[in-house]
6 protein chains.
Amino acid sequence: MYELTIRDYLKCAHSLKGDIFGPAQLMHVVTYEVEVSYVTETLNEHELIVDFATAQSSLGNLMAEIGFKNLDDLEQFEGKNTTTEFLCRYIHGRIADEVSGEFGGKLRVTLRESPVAWVAYEAPVTS
Amino acid sequence: MYELTIRDYLKCAHSLKGDIFGPAQLMHVVTYEVEVSYVTETLNEHELIVDFATAQSSLGNLMAEIGFKNLDDLEQFEGKNTTTEFLCRYIHGRIADEVSGEFGGKLRVTLRESPVAWVAYEAPVTS
Amino acid sequence: MYELTIRDYLKCAHSLKGDIFGPAQLMHVVTYEVEVSYVTETLNEHELIVDFATAQSSLGNLMAEIGFKNLDDLEQFEGKNTTTEFLCRYIHGRIADEVSGEFGGKLRVTLRESPVAWVAYEAPVTS
Amino acid sequence: MYELTIRDYLKCAHSLKGDIFGPAQLMHVVTYEVEVSYVTETLNEHELIVDFATAQSSLGNLMAEIGFKNLDDLEQFEGKNTTTEFLCRYIHGRIADEVSGEFGGKLRVTLRESPVAWVAYEAPVTS
Amino acid sequence: MYELTIRDYLKCAHSLKGDIFGPAQLMHVVTYEVEVSYVTETLNEHELIVDFATAQSSLGNLMAEIGFKNLDDLEQFEGKNTTTEFLCRYIHGRIADEVSGEFGGKLRVTLRESPVAWVAYEAPVTS
Amino acid sequence: MYELTIRDYLKCAHSLKGDIFGPAQLMHVVTYEVEVSYVTETLNEHELIVDFATAQSSLGNLMAEIGFKNLDDLEQFEGKNTTTEFLCRYIHGRIADEVSGEFGGKLRVTLRESPVAWVAYEAPVTS
C-alpha cells in the first residue's frame, strides 16, 4: 500500500449552529493545515502514486476558492454546519470528483485545527 | 471513516525491569505527547464524531491523575513494566471504559517519547 | 494493534528520468525524514513490540550506507528511478530482509520530503 | 525586555529578477509562515505588551490584502524584487505605520519559507 | 555569546481580570511550552554554559510546583493578573533567584501558548 | 537588522570526558539540527543578505565532512571535549573563515539536540 500526502493551508471564517458549540456559535476565524492523502496499491510507470504537481494544484485551487472567505456566505454551505468533520468530507468530495476516472484508490483528508486537535475523513474514490 | 484526534501531555517518572532496558532500569523522568483518536463510520446530528470538550476532559483528567507521579508508586502499575506500549494500552483501556456505551468505534492511543520514537495501540471499544 | 515508529534522516543526491519530473531531472540534493513503523498484534514478554535499539540501528546502518551518496552512482539503483515512492519500497525491503524470521507483522516506511509532502509504503514482512 | 510574537500565513505568487535567482525567475507559488514580534521594555496596566487581538488583526488584514495574489501584479511592488528580505521589510513598514504613536518599541518580522530557511528584519518603530 | 535553552511544559488553569481579556475572564486551562535560555559570554572548564541536568531540574521542579494547579488559588499570585507576560517574568525571577551567585549572565524565559502566539522576557541575573 | 537562517542536519558519534557527563562519557550517536544565521545591517543589490545557495553549500559541505563520523577519531578534535557548545563555536569558526572578506556581519550557529534542548553561539565575523 502506497500513500502520498500533500499539505496546504486554509484560513477562513465561519460560525456553528447549536449550543454544543459554545463560543464557536459566533463568527470566528480558523486556520487549518489541510492534508490530502492518496492511497493506492500500485505505482504508475514513473514509480509515482499520482503526479505531485497535479495533486498540489487540485488542492491549491480549492483552497484559493474557499480561503479568506466567510463560509457562512458561500452557497454550497447554506444551511450546513461547517464543522471540521463536515469540511473534511466536503474537501474529500471535491478532490474525489476531480480525480475520479484517473485515480482508483482511497483519499483521506485531514484538517489540523491546532497542535492538540485534528480530524480526518477517509473513503474510496468512486467512479 | 472519520477520525478525531486530541493531544495532551504526560510527564511522569518510572523505572523498567529487565536488562534489555539498559539505563532505563533506573528511575527517570519521561515527557510524552499523548494522542487519543476516536475512529468511527458516522457523524452525530451536529456533524461531529464526539463532543470535543468531553473527549478533551476525559484525557485531561486521566493525565492529571497519573501526571507528575512516579508510576512505580501507583497501585495500578504494581508488578508491571510500564513500557510505552503498556502505557498506550492502559490509557486506551481507561478511556474505553469511560466512553463505552456512548461511543461504538475504535480508539487509538499514541505516545510520542521524542521526535524520533513513538508507539500506538488501537482496538475497538467493546461494550 | 501495536505500532512502534522510529525516525532517522537521509541526505543524499539523485536525479530522476522523465519529463514529468521537470527540474528534478537534474542532479539535486534531498533531505528526508525517514520513519519505520513496526506493526504487530501482540507484545513480547518485556511488553515491547521489538527491541528499540535494534530497530534503531537497523535503520541507522542503512541510512549510513546510502546517506551522503549520489544514488545515481550506487549499483543497486542502476537503471531505476529513485522516486520517493521507490525509496520507501527499497528501504522497506531492506529492513524486511533483516527482521524476517524474527518479526511477523507489517512494516511501514514513510519518507518526508518537506512539511508539505510525504510518501509511505506499507506491506507485511514475508518469511 | 518583553517580546510578543504572533504568527500567520501568507500564500502568494511572484517572480524574481536576476540570474542569481535561477528557477525562481519564473512565476511560482510560495507559502510563508509570517511572524511579527513586538519588543518593548515595559508592560501596560493589564500586564500585556500590546493587545493580542489588535496585533493579530493588524497582521491578518495585511495577509488578506496580499495573500492569494500575484505580487508581480500589485502596484506597491512594481519594479521591486520581492525577495524574502524585501517582504520582511515591507511587512515591517506596514505594521509599523499602523502601530506608530501607540507602540514605542521594536518590531521584528520573520518569514519562514521552509523548515530549512527563514529571514528576519528588525527595527524600531519610529514616530 | 553562548546560549543554552531547555524546554519543559506547564499545564495549569487560571482566569484573567479585565474586559480586554474577553472569554479568558472565565477560568480556563492553558498548556504552555516553557523555555529557559541561559545567555553568557564564556564557557566553564567543561566547555559548558551551565550544567544541563541542574538547569533541567531547576525548571522541572518549578513546573511541578505550579503545574496542574489553578493559579488563581496560589498565594503568590493573589491579586495578580497572570498573563503570559506576567508568568514569563515570574518564572524568570524564580530561576534567577536560584542561580544567582553561580551564574552571571542573562536569562530569557519564553512561554508558547500556541503555534501562533508566544511571549518572552529577558533580563540579567542580578546578585 | 536583517537575518537569514539556513538549517541542515548533523549525525555523528562522539564521547565526552568528565564525570559531569554521566553516560555521555561512553561513545554514542547524536543527531543535531544545525542552523547558521547571517546577521547584517544592509542588503546587497539583489535585496539579499547573502546568496542563499552559497550559504547552503558552505554548511552542507562542512556537514558532509564531519557527518557520519566518530568525532573522537578526527584530528581537529583531538584532546577536545566536543560538547554542543564547543561544536557551535567550531562550526562558527569554519563558516566565518570561509565567508571572511565577503561578509561583514555576525554569524550565529544553533545546534538543536532535541526538542527540549539547544545551544547557540554568536559572534562577529572578523577579517
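Parameters and conventions
- Along every chain, residues carry numbers that run from 1 in the direction the sequence is written.
- Chain letters and ligand numbers both follow the written order, the letters beginning at A and the numbers at 1.
- Local features in a predicted model are, by the rule used here, given only for residues with pLDDT of at least 70; side-chain atom pairs are given and counted only at 80 or more, and totals for whole chains, interfaces and linings are based on all residues.
- Side-chain metrics rest on all non-hydrogen atoms present in the structure, leaving aside hydrogens and water.
- Elements are defined by DSSP. Helices are runs of H or I of four residues or more, strands are runs of E of two residues or more, and each kind is numbered from the N terminus.
- To estimate the expected span of a helix, subtract one from its residue number and multiply by 1.5 Å.
- Type-normalised accessible area, obtained with a 1.4 Å probe on protein chains alone, sets the label of each residue: buried when under 20%, exposed when over 50%, and partly exposed for intermediate values.
- In this analysis, two residues are considered to be in contact whenever any of their non-hydrogen atoms come within 4.5 Å of each other.
- The distinction between a cavity and a pocket rests on a 1 Å grid over the protein atoms alone: a 1.4 Å probe fits inside a cavity but cannot get out, while a pocket stays open yet meets protein on both sides within 12 Å along at least five of seven lines, and a residue with an atom within 4 Å of a point counts as lining.
- Grid points are joined across faces, edges and corners, and a volume is the space filled by probe spheres set on the points.
- Charged means Asp, Glu, Lys or Arg here, nonpolar means Ala, Val, Leu, Ile, Met, Phe, Trp, Tyr, Cys or Pro, and polar covers whatever is left, Gly included.
- Any two strands with at least two DSSP bridges between them are considered paired.
- Least-squares superposition of the copies uses the C-alpha atoms of those residues scoring a pLDDT of at least 70 in each of them.
- In what follows, salt bridge is the name for a side-chain nitrogen of Lys or Arg lying within 4 Å of a carboxyl oxygen of Asp or Glu.
- Here a polar contact is taken to be a pair of N or O atoms separated by no more than 3.5 Å, where protein atoms must pair a possible hydrogen donor with a possible acceptor and residues adjacent in sequence count only if both atoms sit in side chains.

(A) Seen up close, helix H1 (residues 52–66) of chain F. Here H1(F) spans 22 Å end to end across 15 residues, near enough to the 21 Å set by a 1.5 Å rise per residue. Within the span of H1(F), buried status applies to F:Ala55, F:Ser58, F:Leu59, F:Gly60, F:Leu62, F:Met63 and F:Ile66. The secondary structure elements touched by the buried residues of H1(F) are strand S1 (2–14) of chain C together with strand S1 (2–14), strand S2 (28–40) and helix H2 (84–99) of chain F. Where H1(F) ends, the next residue or the one after it, F:Phe68, has phi of about 55°, a positive value.

(B) Geometry of the layout of surface pockets. Residue and element names in this part refer to chain A. One number sums up the size of the second largest pocket: a volume of about 310 Å³. As for the second largest pocket, its lining consists of 15 residues, and the residues nearest its centre are Ile49, Val50, Asp51, Glu102 and Phe103. Among the secondary structure elements, those contributing two or more residues to the lining of the second largest pocket are strand S2 (28–40), helix H1 (52–66) and helix H2 (84–99). Ranked by residue count, the leading element in the lining of the second largest pocket is H1, at three residues. In terms of residue class, the lining of the second largest pocket is built from seven nonpolar, five polar and three charged.

(C) Summary view of the pairing of strand S3 (residues 106–114) of chain B. Residues and elements named next belong to chain B. With seven bridges connecting them, strand S2 (residues 28–40) and S3 associate as antiparallel partners. Its bridge partner lying in S3, Glu35 is registered against Thr110. For S3 and strand S4 (residues 117–124), the ladder comprises eight bridges, and the chain directions are antiparallel. Residue pairing for S4: Arg108 is matched across the bridge by Glu122. Here S3 folds back onto S4, and the loop between the two strands holds two residues.

(D) Main features of the relation of the copies chain B and chain E. With an RMSD of 0.0 Å, the operation that places chain B on chain E is a rotation of 180° combined with a shift of 0.0 Å along the axis. On the angle and the small slide along the axis, the relation comes out as a two-fold axis. The position closest to the rotation axis in chain B is occupied by the C-alpha of B:Tyr9, lying 4.0 Å away. Mapped onto chain E, 100% of the interface residues of chain B again fall at the interface, so both copies present the same surface.

(E) The pattern of salt bridges, seen in detail. Residues and elements named next belong to chain B. In the structure shown here, the tally under the stated rule is 54 salt bridges over all chains. Taking the shortest distance from any N to any O, the salt bridge between Glu35 and Arg112 comes out at 2.6 Å. You can see Glu35 sitting in strand S2 and its partner Arg112 sitting in strand S3, a full 77 residues away along the chain. When its relative accessible area of 3% is taken as the criterion, Glu35 is described as buried.

(F) Here's a closer look at the relation of the copies chain F and chain D. Laying chain F over chain D is done by rotating through 120° and shifting 0.0 Å along the axis; what remains is an RMSD of 0.0 Å. On this basis, the relationship between the two copies can be described by a three-fold rotation axis. Within chain F, F:Pro115 has its C-alpha nearest the rotation axis, a separation of 8.3 Å.

(G) Highlighting the interface of chain F and chain D. At the interface, 16 residues of chain F touch 15 residues of chain D. Linking chain F to chain D there are one salt bridge. In this structure, the salt-bridge partner of D:Arg89 is F:Glu47, at a minimum N-O distance of 3.3 Å. The interface formed by chain F and chain D contains nine residue pairs in polar contact (both at pLDDT 80 or more). For the side of chain F that touches chain D, the elements supplying multiple residues, two or more each, are S1 and H1 of chain F. Tallied by class, residues from the side of chain F that touches chain D come to eight nonpolar, three polar and five charged. In this structure, strand S4 (residues 117–124) of chain D lies alongside S1(F), joined through five bridges in antiparallel fashion. Bridged to D:Ala120 within S1(F) is F:Glu3.

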